[in-house]
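One-letter residues, chain by chain:
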Amino acid sequence: MANTYTQIHIHFVFAVKYRKAIIHTNWRNELYRYISGIIKNCNHKLLAINGTADHIHILIGIRPAQSISELMKTIKQNSSKWINQNKFTNTHFEWQEGYGAFSYSKSQLKAVIRYIENQESHHKKQSFREEFVDFLEKSEVDYDEKFIFKELI
């Protein structure tokens, strides 16, 4: 769109269904590259991607031509299909329903990128659930405890 200028930075957080720790280090970087391609094909700019065995963080410079929910649907559908086609897990792979999407200003990006890059060490001190609730509370997002990402049953 002519004369449309934006600067929108969104930090996405989403988890494996029931938070199963099945994103193995043997194929995790391949997954990140695949998701990076999805983001690029949707004409957005990847700023950072990382996670652990049960969840992923992505920081994107997002274009307003696609909604946040459409982008997340595309990322989750295509990546889970790719994981299943490549038989990276012994069972059918699925992402947990829902996600977190948090906006940041340009001045905050370096800190958010550093945070995403240090996921492994960060989660030695704090659980994913604690981390996610912290994001919600710091961003002043109203939430219902029963809808926070489900634990493994």
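Bear in mind that the values here come from a model prediction, so they are computed numbers and not experimental data.

Peer 1: Summarise the overall build of the chain; cite the residues concerned and give the values.
Peer 2: Looking only at helices and strands, the chain features five helices and four strands. When the elements of the chain are put in sequence order from the N terminus, they spell out β-α-β-β-α-β-α-α-α. At 15 Å, the chain has a C-alpha radius of gyration in line with the 15 Å of a compact globule built from 153 residues. Each principal axis of the C-alpha distribution contributes one length, and for the chain these read about 50 × 35 × 25 Å. Within the chain, the fraction of its 153 residues that count as buried is 43%. In the chain, once contacts between residues fewer than 6 apart in sequence are set aside, the share between residues at least 24 apart is 70%. In the form shown here, the chain has an accessible surface area of approximately 9300 Å², with 47% of it arising from carbon and sulfur atoms.

Peer 1: So what's going on with the nonpolar core? Which residues, and what values?
Peer 2: The tendency in soluble globular proteins is for nonpolar side chains to be buried side by side. Among the nonpolar cores identified, the biggest contains 24 residues, and Leu31, Ile56, Ile58 and Trp95 are the most heavily contacted of them. Breaking this core down by element, the ones donating at least two residues are strand E1 (9-15), helix H1 (25-41), strand E3 (55-61) and helix H2 (68-85). If you tally residues by element for this core, the top one is H1, at six residues. If we skip the residues at most four places from it in the chain, Trp95 touches Phe14, Ala15, Val16, Lys17, Ile23, Leu31, Ile56, Lys76, Ser79, Ser80 and Ile83. Listed in part, the 14 residues of the second largest apolar core include Val13, Ala15, Ala48 and Tyr104.

Peer 1: Hey, could you go over the sheet that holds strand E2 (residues 45-51) for me, with residue numbers and the actual values?
Peer 2: Strand order across the open sheet formed by four strands is E2-E3-E1-E4, with antiparallel pairing between neighbours. Each edge of the open sheet is held by one strand with a lone partner, namely E2 and strand E4 (100-104). Along the sheet, successive strands turn relative to each other by an average axial angle of 15°, direction set aside. Against the sheet, H2 contacts E1, E3 and E4, and its axis sits at roughly 45° relative to E1.

Peer 1: Outline the confidence of the model for the chain, supporting the account with residue identities and numerical values.
Peer 2: Averaged over every residue, the pLDDT of the chain is 90; the share at 70 or more is 95%. Mean pLDDT in the chain bottoms out at helix H5 (residues 128-138), which sits at 79, and peaks at H2, which reaches 98.

Peer 1: Could you give me a rundown of the packing of aromatic side chains, with the residues and numbers involved?
Peer 2: Enumeration according to the criterion identifies six aromatic pairs in this entry. The interplanar angle of 55° and the centroid separation of 5.2 Å between the aromatic rings of Trp82 and Phe88 together place this pair among those described as tilted. When its relative accessible area of 13% is taken as the criterion, Trp82 is described as buried. Residue Phe88 is classed as partly exposed on the basis of its relative accessible area, which comes to 23%. Counting every residue linked through ring pairs, the aromatic cluster contains Trp27, Tyr34, Trp82 and Phe88.

Rules and cut-offs
Residues numbered from 1 in each chain as written. Predicted model: local features only at pLDDT ≥ 70, side-chain atom pairs only at ≥ 80, totals over all residues. Heavy atoms only, no water. Helix = DSSP H or I, 4+ residues; strand = E, 2+ residues; numbered from the N terminus. Rg over C-alpha atoms; globule rule 2.2 N^0.38 Å. Buried < 20%, exposed > 50% of the residue type's maximum accessible area, 1.4 Å probe, protein only. Contact = heavy atoms within 4.5 Å. Areas by Shrake-Rupley, 256 points an atom, 1.4 Å probe, with all protein chains shown as cover. Core = buried A, V, L, I, M, F, W, Y, C linked by side-chain atoms within 4.5 Å. Pairing = 2+ DSSP bridges. Axes fitted to C-alpha atoms, helices over the stretch in contact; angles between N-to-C directions. pLDDT = per-residue confidence, 0-100. Phe/Tyr/Trp six-rings, centres within 6.5 Å; stacked < 30°, edge-to-face > 60°.

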